[in-house]
Amino acid sequence: MPAARDGQVLVKSAYLSVDPYMRGRITGIRTYAEPVNIGDVMQGGTVGQVVESKASGFVPGDFVTGMWGWQEFAAADATTLRKLDAKLAPVSTALGVLGMPGMTAYFGFLDICKPKPGETVVVSGAAGAVGSLVGQIAKIKGCRTVGIAGADSKIDWMKKELGFDAAFNYKSTSDYSTKLKELCPNGIDCYFDNVGGAITDAVFPLMNVYGRISICGQISQYNLEKPEPGPRLLSFMLVKQLKVEGFIVFRFADRYPEGITQMAQWLREGKLKHREEVVEGFQNTVKAFIGMLQGDNTGKMLVKM
Ligand code: NAP
Ligand code: FER
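Computed from a predicted structure; not experimentally measured.

Peer 1: Looking at this structure, I do not really get the pattern of salt bridges. What am I missing?
Peer 2: Two side chains bearing opposite charge may form a pair once their charged atoms approach each other closely. One pass over the structure, following the stated rule, counts 12 salt bridges. For Lys116, the salt bridge goes to Glu119, with nearest N and O atoms at 3.9 Å. The exposure class of Glu119 is buried, given its relative accessible area of 11%. With a shortest N-O distance of 2.6 Å, Arg212 and Glu119 are connected by a salt bridge. Here Arg212, found in strand S10 (residues 207-215), pairs with Glu119, found in the loop between helix H2 (100-113) and strand S6 (120-124); they are 93 residues apart in sequence, far enough to count as distant. The exposure classification of Arg212 matches that of Glu119, with both residues buried.

Peer 1: How do you make sense of the site of ligand 1 when you look at a structure like this?
Peer 2: The environment of ligand 1 is formed by 26 residues, the closest being Lys154, Tyr170, Tyr222, Val249 and Asn297. Gly150 is positioned such that a nitrogen or oxygen atom in its backbone is 2.8 Å from an oxygen atom of ligand 1. A distance of 2.8 Å is found between a nitrogen atom of ligand 1 and a backbone nitrogen or oxygen belonging to Phe247. Relative to its free-state accessible area of 910 Å², ligand 1 is covered by the protein chains to the extent of 90%. Every element with two or more residues in the shell around ligand 1 is listed here: H2, helix H3 (129-140) and helix H9 (285-293). Along the lines of polarity and charge, the residues of the shell around ligand 1 split into 15 nonpolar, 10 polar and one charged.

Peer 1: Which parts of the structure should I look at to understand the pairing of strand S2 (residues 46-53)?
Peer 2: Looking along a regular strand, one sees side chains alternate from face to face of the sheet. When strand S1 (residues 8-17) meets S2, the two strands line up antiparallel, connected through seven bridges. Across the sheet, Leu16 pairs through a bridge with Thr46, a residue of S2. Sheet topology places S2 next to strand S3 (residues 63-66); four bridges connect them, and they run antiparallel. Counterpart to Gly48 in the pairing with S3 is Val64.

Peer 1: Where do I start with the sheet that holds strand S8 (residues 166-169) in this structure?
Peer 2: Backbone-to-backbone hydrogen bonds join strands into a sheet, with any given pair of strands oriented parallel or antiparallel. Read from one edge to the other, the open sheet built from six strands follows the order S8-S7-S6-S9-S10-S11, with strand pairing classed as parallel. Two strands close off the open sheet at either side, each with one partner strand: S8 and strand S11 (243-246). With direction set aside, neighbouring strand axes in the sheet form an average angle of 15°. The sheet strands contacting helix H5 (residues 176-183) are S6, strand S7 (144-149) and S8, and the helix crosses S8 at an angle near 165°.

Peer 1: What is the right way to read the domain arrangement of the protein from this model?
Peer 2: How large an interface is tends to be reported as the accessible area lost when its parts come together. When its domains are assigned, the protein resolves into domain 1 (8-96 + 275-304) and domain 2 (100-249). Its C-alpha centre places domain 1 at a distance of 28 Å from the equivalent point of domain 2. Every contact between the two is made by 16 residues of domain 1 and, on the other side, 13 residues of domain 2. For the pair domain 1 and domain 2, the summed buried area comes to about 1,100 Å², and 59% of that belongs to carbon and sulfur atoms.

Peer 1: What is the right way to look at the nonpolar core in this model?
Peer 2: Side chains of nonpolar character tend, in soluble globular proteins, to be buried together. Phe109, Ile137, Met158 and Met263 are the most contacted members of the largest nonpolar core, which has 38 residues in total. If you list the elements that add at least two residues to this core, you get H2, S6, H3, helix H4 (152-160), strand S9 (188-193) and helix H8 (256-268). Top element by residues in this core is H2. It accounts for eight residues. Look past the residues within four positions of Ile137 in its chain and what remains in contact with it is Ala105, Tyr106, Phe109, Leu110, Met263 and Trp266. In this structure, Val122, Leu183, Ala202 and Leu206 belong to the second largest nonpolar core, which totals 21 residues.

Peer 1: Which parts of the structure should I look at to understand the packing of H2 against H3?
Peer 2: The relative placement of two packed helices comes down to the angle between their axes together with the axis-to-axis distance. Taken N-terminus to C-terminus, the directions of H2 and H3 make an angle of 45°; their axes are 8 Å apart at the nearest point. On the basis of their axis angle, the class for H2 and H3 is oblique. Remark: the crossing between H2 and H3 carries right-handed chirality. Judged by residue contacts, Pro101, Gly102, Thr104, Ala105, Tyr106, Phe109 and Leu110 of H2 engage Ala129, Val130, Leu133, Val134, Ile137 and Ala138 from H3. Residues of the contact of H2 with H3, tallied by class, amount to 11 nonpolar, two polar and no charged.

What counts and what doesn't
Residues numbered from 1 in each chain as written. Chains lettered and ligands numbered in written order. Predicted model: local features only at pLDDT ≥ 70, side-chain atom pairs only at ≥ 80, totals over all residues. Heavy atoms only, no water. Salt bridge = Lys/Arg side-chain N within 4 Å of Asp/Glu carboxyl O. Buried < 20%, exposed > 50% of the residue type's maximum accessible area, 1.4 Å probe, protein only. Helix = DSSP H or I, 4+ residues; strand = E, 2+ residues; numbered from the N terminus. Near = heavy atom within 4 Å. Polar contact = N/O pair within 3.5 Å; in protein donor to acceptor, adjacent residues only side chain to side chain. Areas by Shrake-Rupley, 256 points an atom, 1.4 Å probe, with all protein chains shown as cover. Nonpolar A, V, L, I, M, F, W, Y, C, P; charged D, E, K, R; others polar. Pairing = 2+ DSSP bridges. Axes fitted to C-alpha atoms, helices over the stretch in contact; angles between N-to-C directions. Contact = heavy atoms within 4.5 Å. Domains from an automatic or database assignment. Buried area = accessible area lost by both parts, 1.4 Å probe. Core = buried A, V, L, I, M, F, W, Y, C linked by side-chain atoms within 4.5 Å. Parallel < 35°, antiparallel > 145°, perpendicular 65-115°, else oblique. Left-handed = near helix turned anticlockwise from the far one by under 90°.

So this is what it looks like as structure tokens:
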């Protein structure tokens, strides 16, 4: 059991987040962040309750969110914590729709794709934490929305509950290009890419002139031991005059209050739905993480302690 020092609080975890980026953190390779090494605590977003406080502004019982990772208790610096109001929204939403994935959807789509009413938006990974929100934001902005995901139950949910205009299951579809042409008769203006690989290869040739592509994730590639050779896509960028931009959500950190306020308002107004796939028990965290990478989740995958 850790002990809180001055300026710290002792927190008891309530929810742990499992996210695709964690796969990259355990490769031992440094990117913008240090890798998690063997013996380290696995890093990740967390929600918990204050047990003991040696910091002003926090009292036992407060719900907080932070990055203390996969552990049951932690002594966390108060400066790394954000207090949550359990009356405003269930605290687990701080790891999903009102947290990092929500901000990824909001800023990564609106700021990079700059969608206009009537445009066609394609979203890959469309039934997951980020993609399910992107599709709904696109509808709020008046776009025609087409989603791609890996299970019939996910396709049903996206079309019946989330308002996607069309969607298909990439695991039971052999020719993505023909399917996309059928579902996007006016071509594609915006593509929000969560997955990369063969799905993205099929989207590029169907982009309209001045189309915009937001590269959010490439989950189909995260587990590969060597890079996959792919078709050459830059010619499509040239002749269609596309804008393709990758981003990491943390670049928008100073604008999170705006994003959280807007997403919370859409939730209250019933314009935005969200779903959580909750795995119970700390001992099942690794199972939840691997399951998320394999598509077990509809919406945001969480572990409840
Ligand atoms: P998620 O979509 O909730 O969960 C991952 C999903 O990926 C699975 O449910 C699975 O659904 C799908 N998937 C797994 N392998 C796949 C494959 N080979 N091809 C196609 N789909 C596959 O996860 P998330 O947290 O919302 O993240 C979605 C993407 O956004 C990830 O690529 C992640 O790295 C990225 N992301 C980026 C940022 C950023 O700052 N740029 C921030 C957050 C997330 P199916 O059943 O559909 O296969
Ligand atoms: C993600 C995929 C990749 C993500 C961050 C990254 C915050 C960053 C990769 C790296 O540079 O290590 O889903 O989410």
